[in-house]
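# Analysis of the macromolecular model
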Amino acid sequence: MIAALLLAGCATDTSAPARVAEDFYRALSEGRPDAACLLLASRTAAKLPDDGESCGQALGELRLSGGSLQEAVAWGEEAQVRLSEDTLFLHRYAEGWKVKAAGCEPRPDLPFDCEVED
């Protein structure tokens, strides 16, 4: 019983990162890339645009697609959310979960290849 309580205390709720991932793609699908940028980690948002371009403009040009929620896994301050058409990586900051990487595709024996990352 004590072991079960300790394990339950270590588990990280995956509903919040999954919701952020879905909100990110909802904003993009509704043509609101600036709103999607607000869900990016600050370092990721700063790295995305080219000179003279806003984060929203850069994000809107990428043509990312998410799809339906397949799986969300969280460990500590990190999370991975797998959608039917994308995999996102998130980090929990003081202000909540933020997307660190999106447009990610797995590569055999290598790290994911992501369109958007810090």
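To be clear, the structure that these remarks concern was listed above.
What this report covers is the structure whose coordinates are included nearby.

So, how was this worked out
Residues numbered from 1 in each chain as written. Predicted model: local features only at pLDDT ≥ 70, side-chain atom pairs only at ≥ 80, totals over all residues. Heavy atoms only, no water. Helix = DSSP H or I, 4+ residues; strand = E, 2+ residues; numbered from the N terminus. Buried < 20%, exposed > 50% of the residue type's maximum accessible area, 1.4 Å probe, protein only. Salt bridge = Lys/Arg side-chain N within 4 Å of Asp/Glu carboxyl O.

A few words now on the environment of Leu64. Among the secondary structure elements, Leu64 is positioned in the loop between helix H5 (55–61) and strand E1 (69–75). The buried category is assigned to Leu64, whose relative accessible area is 17%. It is 8.1 Å that separates the C-alpha atoms of Leu64 and Tyr25, two residues lying 39 residues apart in sequence.

On to the pattern of salt bridges. Going through the model one piece at a time under the given rule, you end up with six salt bridges. In this structure, the salt-bridge partner of Glu30 is Arg32, at a minimum N-O distance of 2.9 Å. For Glu30, a relative accessible area of 47% translates into the label partly exposed. Between Lys100 and Asp118 there is a salt bridge, and its shortest N-O distance comes to 3.8 Å. Of this pair, Lys100 sits in strand E4 (residues 96–107) while Asp118 sits in the segment after strand E5 (110–117), and the two are 18 residues apart along the sequence. Residue classification places Asp118 among the partly exposed residues on the basis of a relative accessible area of 27%.

Just geometry here; none of it tells us what the structure is for.
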